[in-house]
Amino acid sequence: MTARAPARAPGRAARGGAAGADPATPGGPLLLGVRHHGPGSARAVLAALEHVRPRAVLIEGPPEGDALLSLAADERMRPPVALLAHAVDDPGRAAFWPMAAFSPEWVAIRWASAHQVPVRFMDLPAAHALAVPEQPEPRQEDARSFDPIGVLASTAGYDDPERWWEDVVEHRAADGAPGDPRAPFAALAEAMGALREAYGDGGHPRDAVREACMRLRLRAARKEFGDGVAVVCGAWHVPALAARTTVAADKALLKGIPKVRTETTWVPWTHRRLARHSGYGAGIESPGWYGHLFDAPDRPLERWMTKVARLLRAEDRLVSSAHVIEAVRLAEALAAVRGRPAAGLTEATDAVRAVMCEGSDVPLALVHDRLVVGEAIGAVPDGAPAVPLQRDLAGQQRTLRLRPEAERRGLELDLRKDTDAARSRLLHRLRLLGVGWGEPSAGRGGTGTFRESWQLHWQPELFVRVAEAGAWGTTVLSAASARAESDAVSATTLAEVTALAEHCLLAGLPDALAAVMDALAARAALDSDVGHLADALPALARALRYGDVRATDTAALSTVALGLAERVCVGLPSACTGLDPAAAEEQRGRVDGIHTAVTLLAGAGAGAGAGEGEGEGEGEESAGPGPGGGAGAESGARTGGGAEAGADAGAGAEAGSPGGGLRERWTGVLRGLAARDTVAGVLRGRATRLLLDDGHLPEEEAARLMGLALSPGAPPTDAAAWIEGFVGGAAGGGTLLVHDERLLGLVDGWLTSIPPASFTAVLPLLRRTFSTYEPGVRRTLGELVRRGPAPGGAHRASDAETDGFGPGLDGERADAVVPVLRLLLGLDTGEGNTGGERAATETAATESANTEQTAGTEQIAGTEQIAAGTEAGRTATR
């Protein structure tokens, strides 16, 4: 997409001042040269129109928009808005003509609508403008670049063109204005004429074509309405419109220009997009400030300071009315010292920084973002033309209560609710179509798959993207399905197809999913690269997990995923040998992804088997199987039987499931990686850690493997890589060292034994490893190391010598937790122990105890008895 602003020549038409052909000359049209977004120009145009009362008004803009001018009188049309024109065959070729409430063009359109005066656009048609390849604007340092306002400002002795414009136009007092409201336009028209004589076209040769078209339309209007025609255009064009040329010469300039079929509509715009830093050529630096100057009926400085104070108070800053009074006084004093007719934005900003922000630029940046630029977003009536896809999207936005907003905002979705699930599907479908209204973000700490977090940010360019996506279908659903099927055919890698399958499940596209699955099965059968298979597997596993939450049939996906996982288990060991450090680090990420995917696949298989055997599910927990090995691992953890018991129970639960043997095969792969010397150290350390976390490796065996990896015969770089794999990253490695001082002692002893020459080589890797730990973890590790080893010469073992680090359960310490637990559950206050809640809890406890009886989990029943408020729970928990 190459959405672009119309060619308005920044610094010239974009910043042209109030000018025009001499209004005092009788027998000619009223040429009102303006700055495209200037409140002073807008007020001057309104005064001139009220004074002259023309019979017709011509506006700089594409004639295709004439049919849409009547919508400007609609009460539901709220600026800032923009006229959007795009090529029918290529919607990405588009141009915008933005207008704010303080834009002179908008003021003229509204005046003409209110007075029943014909109003038309007169610029080069968009059909021609969009057919001509876009040419880059000359840069400021380019010799061809020319800023007429800058030249006039320097001539007047100003070093800042914006400051000169504010002093001459924006802050011109009403009581000092000439009696004839047309006089300011004549004065600046004369200045622009002199500049064009000296600088020609200012480095923009295309302006000659546009101005020829303007003259032709002006002649046609004068023929229809006589000389009572008012023209509102950029001041740079006024001398060209007043020039005497022939019709034949103007038509000759337009001869042979290519043409495309276009569509035009109104779209909402934002103040942020009017800002020059956003890339719009005719932008201004402070649209919020200019909007305030245009709307304020009197005392604009005092009203501005009040707005600033209100904003800072909302951000919990101490700002009183005394601050407002002092800031106004300081701004006026600064204007007097600087010789300005009134305090401008520069003086107001300096006063706010000194008085309200206490010299800090941090709150001042907030004022600039929220007020100086502003967050206003316009609105257009429903009757405005739009592609069918845009209408369908607007209808869904209203139904789901998702209003497009200019500022970024977070959105938390609970997929168990129908409305939130529909919102999720809509946002995912739009992402699939390339309409980036929402982006997934990290949640607020929840791990369940029934929750989603989004960051929403609507930008005007998204209207163009919606128009582009309209080629795929007339509704969001049909367009997303067609786009997914097309992407499945054109995908070049297996990972792209698996990611597309995941998107189809998230977006709720069952029709497209069938085509994607066919492409996935075909490509997976032909792809023998283990890296490609490993990259594709996590997305498939996540897709299966989402299927549980979104009630989607994923049987075909499960078959492909299990087959893919089997092939990865076979080919991964050979792919992990003989790797350099960079390749080993990349492979480590794949191992983590495969491990998570296998856990999800095994958990999904166990859940499916349980559902078939018992006829009922596990409730919310089934939506998000954790990485600990399924229900069996969770049972083992609750019973206090240790990780090994959890793993054994989990294996028993998975024995009859489709993925039951997959976990065992993956465990064998990890054991092989951990014990093979030809595997890179980072991979051996990572495999050891994963086995230890899942309870498939006793702590003594993990300590033995660490001792071997850190033995004096191992190269320091290999040992450091093993440490990186075992305790590096954000997977709780630091916490493992805190709670197992035996492993910490091995690491400490290895570090102290590294020769000085080798220590420098491994230091960067060690820094990277330990820098990922939380500050509290690093502090605790430092305290343990500073405390040093026990009298026996080794670090304190994790037994009674170190308080709180024991292999078994400390009954007294567990008993101390019970009062706090009762308080959290509200058992001491009776909040959770009354009426139907107590009966339901006791019933749930009884059913759960009966269900878990064969597993011998008396501790689970004890925990549930605590929830029921019984004293026997304390004994069972201990």
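Residues numbered from 1 in each chain as written. Predicted model: local features only at pLDDT ≥ 70, side-chain atom pairs only at ≥ 80, totals over all residues. Heavy atoms only, no water.

A. Region of the structure containing the pairing of strand β2 (residues 56-59). Alternating residues of β2 divide into Ala56 and Leu58 and Val57 and Ile59, and every residue in both groups is buried. Here three bridges tie β2 to strand β5 (residues 119-121), and the two strands are oriented parallel to one another. By the bridge assignment for β5, Val57 is matched with Val119. (Buried < 20%, exposed > 50% of the residue type's maximum accessible area, 1.4 Å probe, protein only. Helix = DSSP H or I, 4+ residues; strand = E, 2+ residues; numbered from the N terminus. Pairing = 2+ DSSP bridges.)

B. Region of interest: the pairing of strand β7 (residues 262-268). Burial of β7 is extensive: six of the seven residues sit out of reach of the surface. Pairing between strand β3 (residues 81-87) and β7: seven bridges, direction antiparallel. If you follow Val81 over to β7, its bridge partner there is Pro268.

C. Main features of helix α19 (residues 461-469). Extensive coverage of α19 is indicated by the burial of seven of its nine residues. Buried within α19 we find Glu461, Leu462, Phe463, Val464, Val466, Ala467 and Ala469. Those residues of α19 hidden inside the fold are in contact with β3, β4 (94-99), β7, α11 (271-274), α17 (388-399) and α20 (476-490). (Contact = heavy atoms within 4.5 Å.)

D. Here's a closer look at unusual backbone geometry. The step from Pro79 to Pro80 runs through a cis peptide bond, and the omega angle for that step is 10°. Inspection of the secondary structure assignment puts Pro80 in the loop between β2 and β3. Even without being a glycine, Glu358 presents a positive backbone phi close to 55°. Checked against the element boundaries, Glu358 lands in the loop between α15 (345-356) and α16 (361-373). What makes Glu358 exposed here is its relative accessible area of 67%. Even without being glycine, Arg401 reaches a positive phi, approximately 55°. A relative accessible area of 59% means that Arg401 is categorised as exposed.

E. Geometry of a nonpolar patch on the surface. There is a patch of nonpolar side chains on the surface, built from Val817, Leu821 and Leu825 and spanning about 230 Å² of accessible area. Relative to the assigned elements, Val817 resides in helix α36 (residues 811-825). (Patch = residues over 30% accessible without salt bridge, like charges linked within 9 Å, V, L, I, M, F, W, Y side chains within 5 Å. Areas by Shrake-Rupley, 256 points an atom, 1.4 Å probe, with all protein chains shown as cover. Salt bridge = Lys/Arg side-chain N within 4 Å of Asp/Glu carboxyl O.)

F. Summary view of the nonpolar core. Judged by nonpolar contacts, the single largest core of 163 residues is most densely connected at Trp304, Met305, Met356, Leu557, Leu572, Leu601 and Trp666. Residue contacts for Leu557: discarding those within four places in its chain leaves Ala501, Leu505, Met517, Leu520, Leu540, Ala543 and Leu544. By size, the runner-up hydrophobic cluster in this structure holds 35 residues, among which are Ala72, Val81, Trp106 and Phe185. (Core = buried A, V, L, I, M, F, W, Y, C linked by side-chain atoms within 4.5 Å.)

G. Spatial organisation of the packing of aromatic side chains. Counting across every chain of the model gives seven aromatic pairs. Ring plane angle 85° and centroid distance 6.4 Å describe the contact between Phe102 and Tyr290, whose orientation is recorded as edge-to-face. Placement of Phe102 in the loop between β4 and α3 (104-114) and of Tyr290 in helix α12 (residues 287-295) is noted, with a sequence separation of 188 residues between them. Of the two residues, Phe102 and Tyr290, both sit in the buried class. Relative to Trp458, the ring of Trp437 lies with its centre 5.5 Å away and its plane at 90°, an arrangement referred to as edge-to-face. Here Trp437, found in the loop between α18 (418-432) and β9 (438-440), pairs with Trp458, found in the loop between β10 (451-456) and α19; they are 21 residues apart in sequence, far enough to count as distant. (Phe/Tyr/Trp six-rings, centres within 6.5 Å; stacked < 30°, edge-to-face > 60°.)

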